[in-house]
Structures are given as C-alpha cells and as structure tokens.
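So you can see what is in the structure, the chains are spelled out below.
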Amino acid sequence: MVVSAQNVEEMDKQKATALVWQAIQGQWMSSCLGVLLELHIPDLLAKENKPIALKDLAERAGVSEAGLDPFYKVLRVMAQYDMLDEHPGKLFSSNVATELLVRGKNPSLGHMAAHQINTPKLEAWKVLPEAVKTGQTAFVLAHNGETMYQYGERLENAEFGAEFMQSMTYFTQHSLQGGTQSLRDAYDWKSAKCIMDVGGGRGELLSNCMSWAGPKVKGVLFDRPFVIEGVDLPAMFGAKGIEHAEERVTLVVGDVMQPFPDKVQKADVDTLVMKHFLSAFNDKDAILILKHCSQVLAPQGKILLLQTLVPEAGDRKNNTCSDGVSPGLFSIEILAMCPGGSWKPLSEWEELFTAAKLKLESVKAVGCNMHLMCFVKA
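These numbers were taken from a predicted model, which means no experiment stands behind them.

Caption draft 1: The arrangement of the side chain of H276 in detail. Position of H276 among the secondary structure elements: in the loop between β7 (269–275) and α18 (283–296). The class for H276 is buried, based on a relative accessible area of 16%. Separated by 3.0 Å, the side chains of H276 and T308 make a polar contact. Contact partners of H276, with chain neighbours within four places excluded, come to F171, L306, Q307, T308, W343 and M370.

Caption draft 2: Just the sheet that holds strand β9 (residues 358–366), in detail. On the basis of which strands lie adjacent, the open sheet formed by seven strands has the order β6-β5-β4-β7-β8-β10-β9 and mixed pairing. Of all strands in the sheet, those with a lone pairing partner are β6 (249–253) and β9, marking the two edges. Here the average twist between neighbouring strands, direction ignored, is 20°. Sheet analysis places strand β8 (residues 297–307) next to strand β10 (residues 370–377), joined by five bridges and oriented antiparallel. Looking at β10, one finds that Q307 is bridged to H371. Here helix α13 (residues 204–213) sits on the sheet and contacts β4 (194–198), β5 (218–223), β6, β7 and β8; the angle it forms with β4, its principal contact strand, is near 165°.

Caption draft 3: Examining the packing of aromatic side chains more closely. Scanning the entire structure with this criterion turns up twelve aromatic pairs. An angle of 70° between the planes, with centres 4.9 Å apart, marks the rings of Y187 and W189 as edge-to-face. One exposure class covers both Y187 and W189, and it is buried. Relative to F375, the ring of F353 has its centre 3.7 Å away and its plane inclined at 15°; by these criteria the two rings are stacked. Of this pair, F353 sits in helix α20 (residues 346–355) while F375 sits in strand β10, and the two are 22 residues apart along the sequence. Considered together, F353 and F375 belong to a single accessibility category, that of buried residues. Here the aromatic cluster, defined as three or more aromatic residues joined through ring pairs, consists of F139, Y151 and F160. Over the face of the ring belonging to Y72 we find K90, whose NZ or CZ atom lies 4.4 Å from the ring centre. Directly above the aromatic system of W349 lies the positively charged group of K344, at a separation of 5.6 Å from the ring centroid.

How each quantity is defined
- Sequence order as written defines residue numbering, which begins from 1 separately in each chain.
- Per-residue local features are limited, in this predicted model, to residues with pLDDT of at least 70; the limit for side-chain atom pairs, both in listing and counting, is 80 or more; totals at the level of whole chains, interfaces and linings are taken over all residues.
- To get the side-chain values, take all heavy atoms of the structure and skip hydrogens and water.
- In this text, helices come from DSSP runs of H or I with a minimum length of four residues, and strands from runs of E with a minimum of two, each type numbered from the N-terminal end.
- Categorising residues by exposure relies on relative accessible area from a 1.4 Å probe, with only protein chains included: less than 20% of the type maximum marks a residue as buried, more than 50% marks it as exposed, and the intermediate range marks it as partly exposed.
- Definition of a polar contact: a pair of N or O atoms within 3.5 Å, with one able to donate and the other able to accept a hydrogen when the atoms are protein atoms, and with sequence-neighbouring residues admitted only if both atoms are side-chain atoms.
- Any pair of residues with heavy atoms lying within 4.5 Å of one another is described as a contacting pair.
- At least two bridges found by DSSP between two strands are what make those strands a pair.
- Axis definition: a line fitted to C-alpha atoms, over the contacting stretch in the case of helices. Angles run 0 to 180 degrees between N-to-C directions.
- Note on aromatic contacts: the rings of Phe and Tyr and the six-membered ring of Trp form a pair at centre separations within 6.5 Å, being stacked when their planes are under 30 degrees apart, edge-to-face when over 60 apart, and tilted otherwise.
- Here, over-ring charges are defined by two tests on the NZ atom of lysine or the CZ atom of arginine: distance to the ring centre within 6 Å, and angle to the ring normal within 35 degrees.

In structure tokens:
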C-alpha cells in the first residue's frame, strides 16, 4: 500500500490534535478524581465485598437527591477509565486503582493524589500563566506571599500539612520499588558509619538506609520543627529492625540556609542523602545548602542525591517513567509550588554541584522512577 505525502501529513495532524485533546481533557479527569477523593468514594467502596447501589453510595457520601444524576455521571466516566468498576443496574465496586486511592493510616497513592489536586494547589495552578510571565512562584502568588511550606505550617492548615507529609512518605516508598536495580543494591551501604538525611521527613528513607548499613551505623535526621515533632523513632525505625533507635538516631531541627548546628558538626557524617529535597530550591540557595553539607561531611564522604531526572532537551523518548510519573511535568509542579524549585536533567545537576566544588562520581537508575547520583568533594 502506497501512502501519499498528503495522507502522511493528515495522519500527523490527527496525532497532534489527539495530543492537544489529551492535554485539555487531563484537567477534567483530575477534577473527576477530585470528586471521588472529596466524597471518600475509594474508602467507601473498598470497605465492601460486594457492589453498592448508586443511591446507597450517594447517601453514604453525603450526596443530595439533586446531585444524584451528576454524581452518577462522574462515577460512570471514572469507571470507563478503570478507576472503579460499574455493574448493570448502576452498581459500583472497587478495583485495584480504587484500593490504591484509599486513605487510611498508612501513606498511600490516595494521599498523593489528594495533595496534588487539593484546593490550595488548584488555586496556584490557576495563576500559573501570570506567575510564568512575571517570574513568580504560582503558590506564593495565589496565597498572599506565603510559600507552600509556610502555608502548611499554620495551625488552621494542619490538614494540608499532614497530607503533604503522608504524600511525601508514600512517594519515597513507591519510588524505590520496582525497576531493574534497588537502592539497596546500588550503593555500598555497609561502608557508611553515619548517615544524614537532609530534609528527611519522618525518617522513611533514613531508616531503610540504616537497616542496610548494619547494626553499628548511626543516623542524623534533619528537617523543619513541625516535621521532626511528628517523628516516631520506635515505630519508623523499629519497623525496619533498627534496635536502640533512640541512641543511634539524632533528630535535628534547623534551617538549611544556615550552617548546620554543632551536634551535626560533631556527628562525623560520612554519607549524606537528599531525596527530592534540593529540587525545592533555586540554584543560588541550592549551592549554599551544598556548601553547608560539605562543611559537615567527612573528607572522603559522599553526597547521595536521589532525584527523578528530567529528560535532556530534545529527548522525547523518556518523558514517562515505568510507573507513569512524567518527570518534565513534575518539574513544573515543583516550579509552581516551590520558590525557585524544579526537577532537572542530569547535566544541570552536575553543573550545580560543580559550582559547589563537588564532582559526580557515579549515577545509577534505581526503583521505578529515580536515579542515585553520587558526588564527592572536588
């Protein structure tokens, strides 16, 4: 069969049109997902071992009689996209995707989804064009000058802050699963004597690293006050088999824009890890943070940067990781929510670390969407 140049051009146009429609309709899909989460539909369906009738589900979700028809239409389209299952007679049940969206005590994809499409963040996305035009951060522009972190630390926004922490813990757990090589196998953890996690949240990553390093390793967990206050050492570290965590792990609060406190200086840190932390800062601040890290790092120590890498300019083959995460789009999410922040390609990370007098020693793909970059003092 001979395909004419005109037909090829028409097929290319149709493909391009489909791409644009996909982008337009992606926002609508997110809004429908927001309805499911706001009404706790995943939690309600997952509790049942048989399909639930539409009216019964609506009553449990607090949907009025007037809202029954639009409620059904949202459920119907989400079932068509495999987020839940619809059965004859307007009956609904959970499936694998639904159960991933359940928000219980343990961090889940549901917490991540709810955090990404909650109202404060949606308000930020609305002003993205203005933020791009003026060089501002969308979240700060939408929330009267407050950064996302400042917003989450206010008492009246405690739910936002808690959801953020749950989503970050989930993303750590998720990102290190799957792939051709695990983080455990990608580095010689047993060579570490003291591991420090900067911006380490509640200790999910640090506790794993310490469990791989052996019974003699010590740890330093550094983060903001409201984060460290929520750390449960026995629960988080004990669950990984780390005995005497209270004696082996030092909890430190502080500001990364300032030199680390004396207790960090005295800890003899030889392995310093950062996961999706440095990408929340502009380049100038990131270089300053790296200089502070170098000051507390042993002479032969390593800085391990765990990041999802954005494809280099012109690379259209690596836009999406095996788990569906799109690094380039995620980089815009960081840019919109964190002043000066953004995920980067490998070349930009190397350039940034070089400016802080650190050099790249190795880079390895780990888990389903991340890379482990090892840097040493130049």
